[in-house]
Every structure is written in structure tokens, then in C-alpha cells.
2 protein chains.
Amino acid sequence: MNTESLAFSTPRESLGILLGLVRAEIVRAMEAELATKGLSLSFTQFLIIKRLARLGPMSATELARSVELDGGAMTRQLDQLERKGYLRRCRHEQDRRTLRIELTDAGDSLWRQLTDCNERVLSAAQRSLDEAEQIRLHDYLERVLHALRDKN
Amino acid sequence: MNTESLAFSTPRESLGILLGLVRAEIVRAMEAELATKGLSLSFTQFLIIKRLARLGPMSATELARSVELDGGAMTRQLDQLERKGYLRRCRHEQDRRTLRIELTDAGDSLWRQLTDCNERVLSAAQRSLDEAEQIRLHDYLERVLHALRDKN
DNA sequence: AATACATATTTGCCTTGACAAACATACTTC
DNA sequence: GAAGTATGTTTGTCAAGGCAAATATGTATT
């Protein structure tokens, strides 16, 4: 087996691009779904709401890390979402540096609207994979992520 | 099987986030690699050089599409890369609207330096997957991409 | 307790990329 | 071939995000 055919059988070279393309397509699809419901939320804002709905109140830093967003950018997103009335900044009891970001009632009911969009996009994305493949895809991505983070 | 355990066994809900995390990690790793070689190239610029090196001269629009970049953004990236001497804008013979972007000699030798970085990052990323799994990951991602694009 | 250091959030500054308008060049139709 | 339409590139404008400095608060050391 020569180098060419090896390169062909393991097209490792485009993983970075491919991930970008898939992600961009998901973002596009999600924002389109949101738009059809008359909601003007960015994908980032959708992720923030989702995180809070799924995992409950947490600090701005935890939130930022979990959606891979810079701390400064998070402050500004929180400004917007608070202004729209979807969440609240509370002070942490013990550590007064830290915020406790929590959804308001409006935020909760927003999330109930968003679950639909979420479901539809993810179904569309994964409809070409059977259940076992979906799980494997997720597993592979997790493993790649850990491999990159724990660079021994 | 209740809803909870189903949700747990098919964690479809975080595919968007997960893709973002993996991609961000690859970008970080690549820019770190570039930095260790004293090269100040963004990931986007790396992709542009790579595309040209792999596929040969093409128009700005083709290039933009292949790295999922807006046309306007591409113009400015080309400005920078041309200023650094890595590529040339030539006019297309038949269609004088169209550019033919080609690497200069400096661009070619830059790419020879970059292949190392590319290899190291992709190896790091995929070292936790065996050969068959790497191929499957690629295949799954392609299928997800097509499922999203051809929304019948 | 005073000093030094670490962490959480905010703000300012800058770069990048999306979108739209402008412009140049092709193509099509009458 | 003139008018209208489509395509490729450039430019202006704006919002989003990264980075660094500023500020506030907590923790550790002496």
C-alpha cells in the first residue's frame, strides 16, 4: 500500500473542515427553525438557554466554559438575555464574586418552545444514521475531544 | 425503557455543542503548532493555503465555498496572504470577472512547513480511534452533512 | 491583619466574518 | 446590439468573540 492510497483510505486531512461544515449547517438549520417561530435568538443564545434549562442555575464562568465562549462575550450575551427577561443574575450566597444565573419563568417557557426546534434539527441531522451509529458518532467525538485535551 | 433512560442512551441533544467543542480544540491545537514554528497564521489562513496546495489554483468563490467563508471575508484574507507573498491573484483567461488564485513559490514552501503541523494535530485528535473508526467517523459526518443539506 | 496571590465578572479595544450595496464582466433575450 | 439578468469580486457597516486591563472578592502566608 503506497502513500497515496493510504491517504485516500484515511482522509484524515479534512476533519477540521468537515467539523466546521457540519456545525455551520446545524447552526443555519437551527436559526432557520427559530425564525419560523418568530424568535430572534442567535445559536449562542439558544445554547445558553438550553444549558440553563438542562443543568439548572450555574455561574457565568461555568456557563461560558460549557458552551466554549469567552468570559467577556458571555457577559454581553447575559446582558441581552436578561434585558429580554429570560434570565436573572443572582449573587452567590457564599462567594459574592460569583453569579448564579437562573432562568426566569419567561425563560422556562421559552425553552419549552425551543425543544421543538432542537428536536427537529437534530432529527434532520441524524436521520441518515441508525440508533447505533448515532451513539457511535457521539462516542467518537467524545474520544477525539478528550484526546485533544489530555495531550500527554 | 422510559424517557429518561432513552435520553441517556441517545444523547442527541448535545451534537451541536460537541461539534463546536471538538472543532474549537482542533483550531486551538493547530494555532499552537503554527506558533511553535514562529508562523503567525490563523486557522482560516491555514485552510486556504491547504486548499490551494491540495487542489491547485481556483477562483475566490470556489475557495470561499470550500472553507465555508463569506465572499467578503475571503477578499480580505486574500489581501493579507497576498501581502505576505504566499499567493497571487491572476485574472482568468476566458472570464475576466473571475480570479485565479495560485500559490507562489513562497506559498508552496510554506505548505511544506504546514504539513507537519497538520499531521501532528490530526494524529493527536485521532489517536484514540483505530483506523476503521477514523473512517467511520468521517463517513458519519459526511452523511450528517448531506442529510442537513438535502432537506427533502 | 497585612500582603500576596487567585478567581469571577465587567469593560475597552481590536479582528473576524456576515450581509448588503456597488461595481465589473458575462450571458440571454428581444 | 441593447436591455435585462446572472455571476464574481470588492467595499462599507455592523455584531460577535477573543484578549487584556480593571475591579471586586476570596484564599493563603507571614
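With an unreviewed UniProt entry as reference, chain A is termed MarR family transcriptional regulator, source organism Rhodanobacter lindaniclasticus.

Draft legend 1. The arrangement of the overall build of chain A in detail. Helix and strand counts for chain A come out as seven helices and two strands. Taken from N to C terminus, the helices and strands of chain A fall in the order α-α-α-α-α-β-β-α-α. The C-alpha atoms of chain A give a radius of gyration of 19 Å, which is well past the 15 Å a tight globule of 152 residues would have. Dimensions of chain A, computed from C-alpha atoms along their principal axes, come out at roughly 65 × 40 × 25 Å. Looking at chain A as a whole, 45% of its 152 residues qualify as buried. Long-range contacts, defined here as pairs at least 24 residues apart, represent 50% of the contacts in chain A between residues at least 6 apart. Separation between the mean location of the 24 positive side-chain charges and that of the 23 negative ones in chain A comes to 5 Å.

Draft legend 2. Structural detail: the pairing of strand β2 (residues 99–103) of chain A. Residue and element names in this part refer to chain A. Burial of β2 is extensive: four of the five residues sit out of reach of the surface. Direction of pairing for strand β1 (residues 87–91) relative to β2: antiparallel, over a ladder of five bridges. The residue of β2 that forms the bridge with R89 is I101.

Draft legend 3. Region of interest: the interface of chain B and chain A. Each partner contributes residues to the interface: chain B has 57 residues there, and chain A has 57 residues. Note that R149(B) is salt-bridged to E25(A), the shortest N-O span being 3.2 Å. Counting the contacts that link chain B with chain A gives 13 residue pairs in polar contact (both at pLDDT 80 or more). For the side of chain B that touches chain A, the secondary structure elements donating two or more residues are α1 (3–9), α2 (15–36), α3 (43–55), α6 (105–126) and α7 (131–149) of chain B. Top element by residues in the side of chain B that touches chain A is α7(B). It accounts for 16 residues. When grouped by side-chain class, the residues that make up the side of chain B that touches chain A number 25 nonpolar, 13 polar and 19 charged.

Draft legend 4. Fine view of helix α6 (residues 105–126) of chain A. Between its first and last C-alpha, α6(A) extends 31 Å over 22 residues, near the 32 Å set by a 1.5 Å rise per residue. When we look at burial in α6(A), the residues that qualify are G107(A), L110(A), W111(A), L114(A), C117(A), N118(A), V121(A), L122(A), A125(A) and Q126(A). Residues of α6(A) that are buried sit in contact with α2 (15–36), α3 (43–55), β2 and α7 (131–149) of chain A together with α2 and α7 of chain B.

Draft legend 5. Representation of the protein's contact with DNA strand D within the structure. Around DNA strand D, 22 residues are found, and the nearest of them are D70(A), Q77(A), R97(A), T61(B) and L99(B). Close to the protein, within 4 Å, the atoms of DNA strand D are drawn from sugar and phosphate at a rate of 61%. Between DNA strand D and the protein, one listed contact pairs a phosphate oxygen with a side-chain N or O atom of T44(A) at 2.9 Å. At 2.5 Å, a side-chain N or O of T61(B) approaches a phosphate oxygen of DNA strand D. Secondary structure elements with two or more residues in the surface near DNA strand D: α5 (71–83) of chain A together with α4 (60–66) and α5 (71–83) of chain B. Class assignment for the residues of the surface near DNA strand D results in four nonpolar, ten polar and eight charged.

Draft legend 6. Quick peek at the protein's contact with DNA strand C. Near DNA strand C, the surroundings consist of 22 residues, among which T61(A), L99(A), D70(B), Q77(B) and R96(B) are the closest. What you see for DNA strand C is that sugar and phosphate hold 66% of its atoms within 4 Å of the protein. One of the side-chain N or O atoms of Q80(B) is found 3.4 Å from a phosphate oxygen in DNA strand C. If you list the elements that add at least two residues to the surface near DNA strand C, you get α4 (60–66) and α5 of chain A together with α5 of chain B. Its residues assigned to classes, the surface near DNA strand C comprises four nonpolar, ten polar and eight charged.

Draft legend 7. Spotlight on the packing of aromatic side chains. Residues and elements named next belong to chain A. Within this structure, the stated rule accounts for five aromatic pairs over all chains. Ring centres of F43 and F46 lie 5.9 Å apart, and the angle between their planes is 35°; on these two criteria the pair is classed as tilted. Pair noted here: F43 and F46 are both in helix α3, with a separation of three residues, about one helical turn. The exposure class assigned to F43 is buried, which follows from its relative accessible area of 5%. Members of the aromatic cluster, connected to one another through ring pairs, are F43, F46 and W111.

Conventions and cut-offs
- Residue numbering note: each chain is counted from 1, following its sequence as written.
- All chains are assigned letters beginning at A, and all ligands numbers beginning at 1, according to the order in which they are written.
- Thresholds applied to this predicted model are a pLDDT of at least 70 for local features of residues and 80 or more for the giving and counting of side-chain atom pairs; totals over whole chains, interfaces and linings are not thresholded and use all residues.
- Think of the side-chain values as coming from all heavy atoms in the structure, minus any hydrogens and water.
- In this text, helices come from DSSP runs of H or I with a minimum length of four residues, and strands from runs of E with a minimum of two, each type numbered from the N-terminal end.
- In this description the radius of gyration comes from C-alpha coordinates, and the expected globular size is given by 2.2 Å times residues to the power 0.38.
- Exposed residues in this analysis have more than 50% of their type's maximum accessible area, buried residues have under 20%, and partly exposed residues fall in between, with area computed by a 1.4 Å probe over protein chains only.
- When checking whether two residues touch, look at their non-hydrogen atoms; a contact exists if any pair is within 4.5 Å.
- A residue counts as positive if it is Lys or Arg and as negative if it is Asp or Glu; His and the chain ends are not included.
- For this purpose, a charge sits on NZ of Lys, CZ of Arg, CG of Asp or CD of Glu.
- Note on pairing: DSSP must find at least two bridges between two strands before they are called paired.
- Whenever Lys or Arg places a side-chain nitrogen within 4 Å of a carboxyl oxygen from Asp or Glu, that contact is recorded as a salt bridge.
- Side-chain atoms alone can form a polar contact between residues adjacent in sequence; in general such a contact is a pair of N or O atoms within 3.5 Å, and within protein one must be able to donate a hydrogen while the other accepts it.
- Classification convention: Asp, Glu, Lys, Arg as charged; Ala, Val, Leu, Ile, Met, Phe, Trp, Tyr, Cys, Pro as nonpolar; all other residues, Gly among them, as polar.
- To estimate how far a helix should reach, multiply one less than its number of residues by 1.5 Å.
- When we say a residue is near a molecule or strand, we mean one of its heavy atoms is within 4 Å of it.
- A pair of Phe, Tyr and Trp rings is counted when the ring centres sit within 6.5 Å of each other, with Trp represented by its six-membered ring. The angle between the planes then sorts it: under 30 degrees is stacked, over 60 is edge-to-face, the rest tilted.

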